[in-house]
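Notes for the structure review
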Amino acid sequence: MTGVLAESSRGLEFRQKAATAFDALSRVSPWALMQVFVLVVLGGLFGAWVEPEPFSDWGYYWSAAGDISAYLRGGVGMWLLAIPKALGFPAWQSAMVLNLAAMLWMWYLARRVDTTRFRVFALLTWMYLLLLTPYVPVAQLDVVASAMLATAFWLLFGAPISNPRHRDITAVVLIVCAVSTRTQFALALWALVGLLGLAW
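Report on the accompanying structure. Just so it is clear, the structure is predicted and the values come from calculations on it, not from any experiment. Note on numbering: residues in each chain are counted from 1, in written sequence order. Two thresholds apply to this predicted model, a pLDDT of at least 70 for residue-level local features and 80 or more for giving and counting side-chain atom pairs, whereas whole-chain, interface and lining totals are computed over all residues. Note that the side-chain values use all heavy atoms of the structure and ignore hydrogens as well as water.

Points about the packing of helix α3 (residues 56-64) against helix α4 (residues 75-86)
Packing of α3 against α4 brings their axes to within 8 Å, and their N-to-C directions diverge by 65 degrees. The hand of the α3/α4 crossing is right-handed. Contacts from Tyr60, Tyr61, Trp62, Ser63 and Ala64 in α3 reach Met78, Leu81 and Lys85 in α4. Only Asp, Glu, Lys and Arg are considered charged in this grouping, and only Ala, Val, Leu, Ile, Met, Phe, Trp, Tyr, Cys and Pro are considered nonpolar; every other residue, Gly among them, is considered polar. For the contact of α3 with α4, the class distribution of residues is six nonpolar, one polar and one charged. A fitted line through C-alpha atoms serves as each axis, taken over the contacting stretch for helices, and the angle formed by two N-to-C directions is quoted from 0 to 180°. In this text, helices come from DSSP runs of H or I with a minimum length of four residues, and strands from runs of E with a minimum of two, each type numbered from the N-terminal end. In this scheme the handedness of a crossing depends on how the near helix is turned from the far one: anticlockwise by less than a right angle means left-handed, clockwise means right-handed. Residues count as neighbours in contact if any of their non-hydrogen atoms are within 4.5 Å of one another.

See the structure below:
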């Protein structure tokens, strides 16, 4: 009897979550859907047209992805690149999957943060991401590292999370992952801390 009640409770919880998710999707504006469509289509078309082969640093990231013996740098981002590579995707498709996911996540964060009427910040973010679409099929890690850093700042300053300790720990882990992927971000973070200190 207890098992049946527990199963029924889990089923009810799942239906409630599904209803909440469906309700959230139904409130997405056509303008937002158009932005997602344009990002995905432009990135996908450019990748399918060019099919760039990785070279220089990008070539290293691709050849070392998933190969511990060849690892020199690249951090967490390079191991994320190793996932589609292990599934048999070529370099440009692996990069496209990873970069599009990161770009769409940053677009979503911009819309979450920007609650103003005209969403100017979110629109500017989308326009900037459009400029990055030629890099979507390139095996580079900058976009992924930027998404990690953006998520960390969102957690620290704007995420509606009830447990501050978990939020802070997750944010620190994401910052470490971003810096491990692109060590130049460490310099940018110190500069940002200095600017915030002067503003304070």
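Brief notes about the nonpolar core
Put simply, a nonpolar core is a bunch of buried Ala, Val, Leu, Ile, Met, Phe, Trp, Tyr and Cys residues held in one set by side-chain atoms that sit within 4.5 Å of each other. Residue burial is assigned from relative accessible area. The probe radius is 1.4 Å, only protein chains are included, and a residue is buried under 20% of its type maximum, exposed over 50%, and partly exposed in between. In terms of nonpolar packing, the biggest core is built from 36 residues, with Tyr61, Met78, Leu81, Met103, Leu129, Val143 and Phe185 touching the most fellow members. Broken down by secondary-structure element, the contributors of at least two residues to this core are α2 (30-50), α3, α4, α5 (91-113), α6 (120-131), α7 (142-157) and α8 (164-181). Ranked by residue count, the leading element in this core is α5, at 10 residues. If we skip the residues at most four places from it in the chain, Met103 touches Leu39, Leu129, Leu132, Thr133, Val136 and Val143. One finds Leu109, Ala152, Trp154 and Leu155 within the second-largest nonpolar core, a separate group that totals seven residues.

Thoughts on the pattern of salt bridges
Just to be clear on terms, a salt bridge is a Lys or Arg side-chain nitrogen sitting within 4 Å of an Asp or Glu carboxyl oxygen. Per the stated rule, a full pass over the model turns up three salt bridges. Measuring nitrogen to oxygen at the nearest pair gives 3.5 Å for the salt bridge that ties Arg182 to Asp142. Of the two residues, Arg182 sits in the loop between α8 and α9 (184-199) while Asp142 sits in helix α7, which places them 40 residues apart along the sequence. For Arg182, a relative accessible area of 17% corresponds to the buried category. Asp142 gets classed as partly exposed once you look at its relative accessible area, which sits at 31%.

Considerations on the packing of aromatic side chains
Note on ring pairs: Phe, Tyr and Trp rings are taken, using the six-membered ring of Trp, and paired if centres are within 6.5 Å. Classes follow the plane angle, with under 30 degrees stacked, over 60 edge-to-face and the rest tilted. Here the structure, examined in full by the defined rule, presents eight aromatic pairs. With centroids separated by 6.1 Å and ring planes inclined at 10 degrees, the aromatic side chains of Phe153 and Phe157 adopt a geometry described as stacked. Of this pair, Phe153 and Phe157 both sit in helix α7, four residues apart, which is roughly one turn of that helix. Pairwise contacts between aromatic rings join Trp105, Tyr108 and Trp154 into one cluster.

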